[in-house]
Amino acid sequence: MEGSLMGLKIFLIRVKMVIVTCIFGFSVVLSGCAPTIMKSSPEGYRGTSQEAGEFEDNTEKPVLSPRALAALQLTEQGRMFLEKNQPDNAIGILERALNLNPNNGRNYYYLAEAWLMKWNIGQATEFNRLAEIYLKDDSEWLNRVILQRKRIKEQSQ
Amino acid sequence: MTKNKRSINIFFKRLFKWYLPTVALICGIMLLYCWYLSIQIDKRFSGRRWSIPSKVYSDTTILYPGQKTNRTLFNEKLRRLGYREVAHKPVNKGELNQSASFIQFYLHDFIVPSRYKEGVPVEIRFDENRIESITNLNTGQALPILELEPEEVMLFFGPHRERRQLVSIDQVPQHVIYAVLAAEDRRFYTHKGLDPKGILRAIYTNLRHASIRQGGSTITQQLAKNYFLTPKRTFIRKLKELFMSLTIEVMYEKNEILEIYLNEIYLGQKASEAINGIGEASFFYFGRPVSNLSLAESATLAGLIRGPNHYSPYIDKNRCQKRRNKVLNAMYEQGWISDEELKVALPLPVEAVGFGSYGKKAPYFMDYLSEQLTLLYSPKDLSSLGLSIYTTLDTQVQMAAENALIKGLDSLEKSNPKLYRTDPQKQLQGAVIVMQPKTGYVLAMVGGRNYSASQFNRITQARRQPGSAFKPLVYLSGLDKFTPASILSNESRIYEIDGKEWMPQNYAPMTEEHVRMRTALARSINLATVDLAMQVGIDHIISTVSKFGFSTPLKPYPSLALGSFEVIPLELARAYCPFAADGVLSFPLALKEVLDENDVVMERRHMSIKQVTTPEKAFIMSSLLQSVVENGTASSLKDMGITFPVAAKTGTTNDYRDAWFVGYTPDILALIWVGFDDGAPIYTSGSKAALPIWAGLMNALPQYVSGGWFRMPPGVVKRVVCSESGQLAVEDWCPHPIEEYFLADHVPADYCRIHGGGDSFGRIIDGVKDFFN
C-alpha cells in the first residue's frame, strides 16, 4: 500500500515536471516573439540647458553665451556685495542676474547666502533648494550647496 | 534875537518832547517788526525750504552683445533719457550720434541704490537688430554688459506742480553766477539788500522810455517777494519787501542768499509743471547739470529770469538769443568775461535740448505702485520729501504692451463692427500684464485701453471668469494621480450640483470618446477636463489652487474645472509663474527701493518666493502647455512670427464674455485679457482676440527672447508610450508611439494592451500564474 502510494506520488511529480517543462519551453518560445518596449530618445531632446541660454554648444569646453556672460557679470557684482557684507545690495543685483539667466545655479546659491546673512531662513532654504537643482551636475558647487544647507540648518536652530 | 532864541528853544523842546520819542518809537517798532520778520524767515529757511516732488523711476536697462533689440523702442528710450543727437562723435554727456549700424553716445552719470555710475562714451554696433559689440570709446575696451540709467516716469506733485532739483552754490560755476548777477543784480555783493543806484537807474530808464523797462529790485528783494509775499503790487507789500530784504541780509551770508535764490526762481513751464530753480532748468533747457553749462547757456538761463515764458527758447529762439546777448554784454561790461569769450558766445545759436509732451507714463502701473506707496508715506510726504522711488518697470516693455493692446483692439473692432462703441466708457477693453516669472518683477501693466477715459485697472481691480485659462491648475492637481499620457473620457455626462443638473459641453463637437491628458489640455477639451476634475476630486483641486495666492473665493463645484469662478487677472498671471519657475511662486514686485533726498535707502523690497509645487510637476506642466502652442488652441502663434518655444493657454468664457491668453518662456510671462466691462459678448475666442495681442507684444520684445526652454529636473523621465492606450509602446506593434514626460515615481508600468497581441501574451502569463497558485 505504502509502495503504491509512493509510486503514485513519483508519477504525479514526474507529470508535474513534464508540464512545467512544457510550459517553460512554451513560455521561452513565446517570449522570443514577445513585444519589445520602445526606448525614449537620449536626454537632451527639446528643452535642456543648451537651449536655455547658458551654454551655446556642448563641446569639450562649453562656451558661455553673451547673455550668460552678461548675467555672470551681475552675479560677480552680487558676490562682491556679499563679501562686503551688504546682503541687500547683493540681492538686488542677483535678482537682475536671475532675470537675465534663470539657469545659473550660482545665483541661487548666492541668493541663499544673502538671505542667510539677513537671517531669513525661509528664503535661504528656498534658494538653497533651487541652487541644488541647477548645480546638480557640478560636483564642486553641489558640495558647497550641501554645506550651505548645513549652515542654514545650524542657523535655524 | 530873543525871538529867534525862543523859537529854537521851542523847537528843541518839541523835538525832545515829541519828535525824538516819536522817531524812537518808530525805530523801535521797525526793529520789533524786523525781529518778528527774522523769526518768520528763520522758521522758513531753517526748515525744509521747498517741497520737492518724489520721483518714480523705471528699472535700469541692461544691454549686452548678442542681445536682440527693438531699435525703434530703444531709440525712443534714449530720447526719453535725454540723449540728444549731434552730428559729431559725442564729447559731452548726453550727446548721441548714430547711423544704421551703430550708436555712439556719452552716458549720463547716474546713481541707483548702492551704485554710482560715471558716464563714459560708448559705441554700440548692430548687426541688423542684434547688438554686435559694445565698446568704451575712451579705452577701446569691449564691454560685456552695459547698464543704462533708470528713466523718470512720474512725479508726485504737490498742489503747485513744481519741478525742482536742488543745487548747492559750490556746484554752480562762476560764469553762471556772473550771468545771473549781470542780468538781475550787478551790485549784489556790495549792497545791503537795497540798491539805491539800481533804483535810480531803473527810474531813469523807465522815465526815458515812458514805460516800465527795468526793475530796481535786488536779488534779495526778489527772494523776499517770491518766498514770503504775494505778487500784488501795493505800497504795503513793497514796504514789507524792503524790511524783509534788510532782515535777510543781516541774517545770512551773500552766498547763502544767492543759493536760495538760484534754487527758488521760476524759470519756465513744462506743460502743467513749473520749472523752478537753476538745477531743474539746466536739465529742462540743455539736458545737463548746471555744473556743465557753457557760458552761452548760462547767459540764456540768466536771461530767462525776467520773463521765463517770454524769452523761452522753446517759444521764440530769436528773442531768446537777443536777451541772452544782452546778458553777455552786461557780463562783459562788468569785466566778468573777456572780449574773446564774448566774441565766441555772441553768434552762437540758442539750442535747447527739447522735451517730449509730458503724458502720464504707465498710468495703471503707477496707480498700482501708488497704492503700495501710500501705505508707507502720506501724500504730503510724497509730494514734498523729494524721494527717489525705484521700480521694476521696463518702459520699453510698457510701450510695447500699450501698442500691442491698442493695435489688437482696433483690429478686433475693424473685423467685427458690432464690437465698436462710440462711448469711450463703454468701449471694448483689454488689459496686459508682463512679468518675469522667476522673480515676480512686474515689467509692464496696462489696465485698460485709455487711461483718461477709464482709470479702472482691469489687471488689479477686475474680477473675471478665467474660463479655460484656469485649466492648467486643474491638470496640475491631476498629476498626483494621472500622467500626461493618461486617457480621459470625452463623453458627455450630466452632473448634479445642489440638486440641479449640469451638463458641460465642448467648445466644438468632437468624435473621440477618449483623449490623452496632454491632448485634452492642448485642445482645451471641456468634457475631458471635467472628467479629470471629478476623478481627482474638486476638494483636492481647491487644496492645490489655494497655494497659488488667489484672493477670490473658489467653491467646490465641478464647473470650477472650467474656470467658472472669478479671478483677478494679476493673480491669474502670478499663478502661472510657478510653472516657469521650478514650482516657486513669487510675489508680484513693482516697488524696489525708496531713497530719501540724500540717497539713503528708506525702503527696500526683494523678490519673495515660496514653493507651491515641485520642480518636476512644474516642468511637466510647461511641457503640457507647450503642446497648446505646438498643436493645440494656440497653434496660430507660429503663423504670427513666434518661432521660439512657448508654453501658453487660451481662455474663453461662456457667451464669449472674456478672451484670455497667458503665455510664457523661461524669461518672460504675459497675460492678455479682452472683453467688455459690462460683460457683453465679444463674439470670439481667446485664440482669436487675445493671442494676436500676445504675439504682437512678444515680437516687439526681442531682448526678452532667449529661445531657451526649461531644464528637465532629475525627477522627470521620458518614455515612449502608445498614443492610444497611454501605456508603454511596443516596438513595431503600436502604430502611433509618442515620447512623453513622466514623474519618475509615476511611470507607466504596463505596456500597450491594445496593440501587438499584448492581450494574448498577458493571458498566457496569467494562466501560468493561476496554475502555480
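Residues numbered from 1 in each chain as written. Chains lettered and ligands numbered in written order. Predicted model: local features only at pLDDT ≥ 70, side-chain atom pairs only at ≥ 80, totals over all residues.

> For the overall build of chain A, give the residues involved together with the corresponding values.
The helix and strand tally for chain A stands at six helices and zero strands. Helices (α) and strands (β) of chain A occur, in sequence order from the N terminus, as α-α-α-α-α-α. For chain A, the proportion of contacts with a sequence separation of at least 24, taken over those separated by at least 6, is 47%. (Helix = DSSP H or I, 4+ residues; strand = E, 2+ residues; numbered from the N terminus. Contact = placed C-beta atoms within 7 Å.)

> Account for helix H4 (residues 196–209) of chain B, naming residues and giving values.
An α-helical turn contains 3.6 residues, so a residue and the one three or four places further along point in the same direction. For H4(B), with 14 residues, the first-to-last C-alpha span of 20 Å sits near the 20 Å given by 1.5 Å per residue. Little of H4(B) is tucked away, with one of its 14 residues classed as buried. (Expected span 1.5 Å × (residues − 1). Buried ≥ 20, exposed ≤ 12 C-beta atoms within 10 Å, placed from the backbone.)

> Before we move on, could you go through the nonpolar core and cite the residues and values that matter?
Grouped together as the largest cluster of nonpolar side chains are 183 residues, with contacts concentrated most on B:Val432, B:Ile433, B:Ile672 and B:Ala690. One finds B:Ile219, B:Leu223, B:Ala224 and B:Leu293 within the second-largest nonpolar core, a separate group that totals 49 residues. (Core = buried A, V, L, I, M, F, W, Y, C linked by C-beta atoms within 7 Å.)

> Go over the pairing of strand S24 (residues 601–604) of chain B with me, naming the residues and quoting the values.
Residue and element names in this part refer to chain B. Strand direction decides the pairing type here: strand S23 (residues 591–595) and S24, joined by three bridges, are antiparallel. Directly across from Val 594, in S24, lies its bridge partner Glu 603. Connecting the antiparallel pair S23 and S24 is a turn made up of five residues, with Asp 599 showing a positive phi of about 65°. (Pairing = 2+ DSSP bridges.)

> How would you sum up the domain arrangement of chain B? Please name residues and give values.
Taken domain by domain, chain B consists of domain 1 (2–47), domain 2 (58–153), domain 3 (162–345), domain 4 (400–704) and domain 5 (716–772). Relative placement of domain 2 of chain B and domain 3 of chain B: their C-alpha centres are 36 Å apart. (Domains from an automatic or database assignment.)

> For the environment of B:Glu256, give the residues involved together with the corresponding values.
By secondary structure assignment, the location of B:Glu256 is in helix H7 (residues 254–264). Remark: the alpha-carbon pair of B:Glu256 and B:Ser168, spanning 88 residues in sequence, is separated by 9.2 Å.

> An account of the packing of helix H14 (residues 395–415) of chain B against helix H22 (residues 691–699) of chain B is requested, with residue identities and associated values reported.
Residues and elements named next belong to chain B. With their axes 8 Å apart at the nearest point, H14 and H22 run at an angle of 145° to one another. The element H14 and its partner H22 pack so that their crossing is right-handed. Residues Ala 400, Ala 401, Ala 404, Leu 405, Lys 407 and Gly 408 of H14 pack against Pro 692, Ile 693, Gly 696 and Leu 697 of H22. (Axes fitted to C-alpha atoms, helices over the stretch in contact; angles between N-to-C directions. Left-handed = near helix turned anticlockwise from the far one by under 90°.)

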